Amino acid sequence: MKTSALYPGSFDCFTYGHLDIIKRALKVFDNLIVGVAVNPHKTTLFSREERVSLIREVLKDTPRVEVISFSGLTIQKATALKVNAIVRGLRMASDFEFEFQMALMNRSMNKHIESIYFPADEKYLYLSSHLVREISMMGGSVSAYLPPVVEKALIRKIKQQRGEDL
Ligand code: ADP
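Throughout this document, residue positions are counted from 1 along each chain, in the order its sequence is written. Reporting of local features is limited, given that this is a predicted model, to residues whose pLDDT is at least 70; pairs of side-chain atoms are given and counted only at 80 or more, and all residues count toward the totals for whole chains, interfaces and linings. Hydrogens and waters are ignored; side-chain quantities use all the structure's heavy atoms.

J.: Looking at this structure, I do not really get the environment of Lys 152. What am I missing?
T.: Note on conventions: DSSP H or I runs of at least 4 residues are helices, E runs of at least 2 residues are strands, and numbering of each starts at the N terminus. Mapped onto the fold, Lys 152 is located in helix α6 (residues 148-165). Distance in space between the C-alpha atoms of Lys 152 and Pro 119 is 28 Å, their sequence separation being 33 residues.

The structure is reproduced here in structure tokens:
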């Protein structure tokens, strides 16, 4: 039987840290679904469609991975998709508390779906989408953290926003 997992997240924007988790997860699972979470209460820089299409572009030559978007509870989506596990990345201790709580809550809703955590690569321990957005907005280079197609889209998006603001 093939194993599959859902890797949910905001991915606003998709970084090499996310890509690293995908590659690690593909060593363990036969199939991986990257789920762009859509939360109506959370404002994102990139729209649902933009996030999905950027991740698809980055992963276009990576087999066994699919990119979707979803709204609502991750555990409900994971149940509907019939995956074996939910995959997340762990950077520092600060991720742990929140993730542990989520994992236990998700388990209480569906005890058949395991939460599996991959420690981040040391290179990306401090990397977050939020910081990348901040650095880029302040004019810093983020090419070390983002696939080129995402970096281009981020720069374009920031310029677009500035244009609208002026
Ligand atoms: P969310 O809002 O759901 O936390 P993110 O896009 O910030 O969405 O993160 C999605 C997942 O990817 C989370 O499990 C997060 O811990 C993981 N992640 C984010 N950045 C990194 C990184 N640099 N290295 C490893 N994992 C990461």
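What follows picks up the thread again.
J.: Explanation requested: the pairing of strand β2 (residues 31-38) in the structure shown.
T.: Successive residues of a regular strand alternate their side chains across the two faces of the sheet. For each residue, the accessible area found with a 1.4 Å probe, counting protein chains only, is set against the maximum for its type, and the residue is called buried under 20%, exposed over 50%, and partly exposed in between. Of all eight residues in β2, six are buried, a share of seventy percent or more. At least two bridges found by DSSP between two strands are what make those strands a pair. Pairing of strand β1 (residues 4-9) with β2, which is carried by six bridges, proceeds in the parallel orientation. Along β2, the bridge assignment pairs Leu 6 with Ile 33. Crossovers are marked right-handed if the path from the first strand over the helix to the second runs clockwise, as seen with the strands pointing away from the viewer. Taken together, β1, helix α1 (residues 16-28) and β2 form a β-α-β motif whose crossover is right-handed. Note: β2 against strand β3 (residues 65-71), seven bridges, orientation parallel. Paired with Val 38 across the two strands is Ser 71, which belongs to β3. Between β2 and its parallel partner β3, the chain crosses via helix α2 (residues 48-58), and the hand of that crossover is right-handed.

J.: How do you make sense of the side chain of Arg 133 when you look at a structure like this?
T.: Position of Arg 133 among the secondary structure elements: in helix α5 (residues 129-137). From its side chain, Arg 133 meets the backbone oxygen of Asp 12 in a polar contact 2.2 Å long. Any pair of residues with heavy atoms lying within 4.5 Å of one another is described as a contacting pair. Aside from chain neighbours lying at most four places away, what touches Arg 133 is Asp 12, Cys 13, Leu 45 and Ile 158. For this analysis, a polar contact is any N or O atom pair within 3.5 Å, provided that within protein one partner can donate a hydrogen and the other can accept it, and provided that sequence-adjacent residues contribute only side-chain to side-chain pairs.

J.: So what exactly am I meant to see when it comes to the nonpolar core here?
T.: A general trend in soluble globular proteins is that nonpolar side chains are found buried together. Side-chain atoms within 4.5 Å are what join buried Ala, Val, Leu, Ile, Met, Phe, Trp, Tyr and Cys residues into a set we call a nonpolar core. Among the nonpolar cores identified, the biggest contains 34 residues, and Ile 22, Leu 32, Val 34, Ile 55, Leu 59, Val 87 and Leu 154 are the most heavily contacted of them. Elements with a minimum of two residues in this core: β1, α1, β2, α2, β3, β4 (85-90) and α6. When residues in this core are grouped by element, the largest group, five residues, is from α1. In this structure, Ile 22 is in contact with Tyr 7, Phe 14, Leu 32, Val 34, Leu 59 and Val 65, ignoring residues within four places of it in sequence. Leu 6, Ile 33, Ile 75 and Val 83 belong to the second largest nonpolar core, which has eight residues in total.

J.: Where do I start with the sheet that holds β3 in this structure?
T.: In any sheet, the strands associate via hydrogen bonds between backbone groups, in a parallel or an antiparallel arrangement. Strand order in the open sheet formed by five strands is β3-β2-β1-β4-β5, and the pairing between neighbours is parallel. The strands lining the two open edges of the sheet, one partner per strand, are β3 and β5 (114-119). Ignoring which end each strand starts from, the neighbouring axes of this sheet average 30 degrees apart. Orientation is described by lines fitted to C-alpha atoms, with helices fitted over the stretch in contact, and by angles between N-to-C directions that extend from 0 to 180 degrees. In the packing of helix α3 (residues 74-81) onto the sheet, the strands contacted are β1, β2, β3 and β4, and the crossing angle to β1 comes to about 155 degrees.

J.: Whenever I open this one, the packing of aromatic side chains confuses me. Can you help?
T.: Two descriptors summarise a pair of aromatic rings, namely the distance from one centre to the other and the angle between the planes of the rings. Only rings of Phe, Tyr and Trp enter the pairing, Trp through its six-membered ring, and a pair is recorded when the two centres are within 6.5 Å. The plane angle decides the type: under 30 degrees is stacked, over 60 is edge-to-face, the rest tilted. This model, assessed by the stated rule, comprises five aromatic pairs. Summarising the aromatic geometry, the rings of Tyr 7 and Phe 11 are spaced 5.2 Å apart at their centres and angled 75 degrees between planes, so their arrangement reads as edge-to-face. A relative accessible area of 4% means that Tyr 7 is categorised as buried. Geometrically, the ring pair formed by Tyr 126 and Tyr 145 is edge-to-face, given 6.4 Å between the ring centres and 85 degrees between the ring planes. Here Tyr 126, found in the loop between β5 and α5, pairs with Tyr 145, found in the loop between α5 and α6; they are 19 residues apart in sequence, far enough to count as distant. In textbook terms, an aromatic cluster arises when at least three aromatic residues are bridged by ring pairs, as seen for Tyr 7, Phe 11 and Phe 14.

J.: How do you make sense of the environment of Ser 94 when you look at a structure like this?
T.: Along the polypeptide, Ser 94 turns up in helix α4 (residues 93-109). Separated by 32 residues in sequence, Ser 94 and Tyr 126 have C-alpha atoms that sit 11 Å apart.

All we've got here are geometric facts, nothing functional implied.
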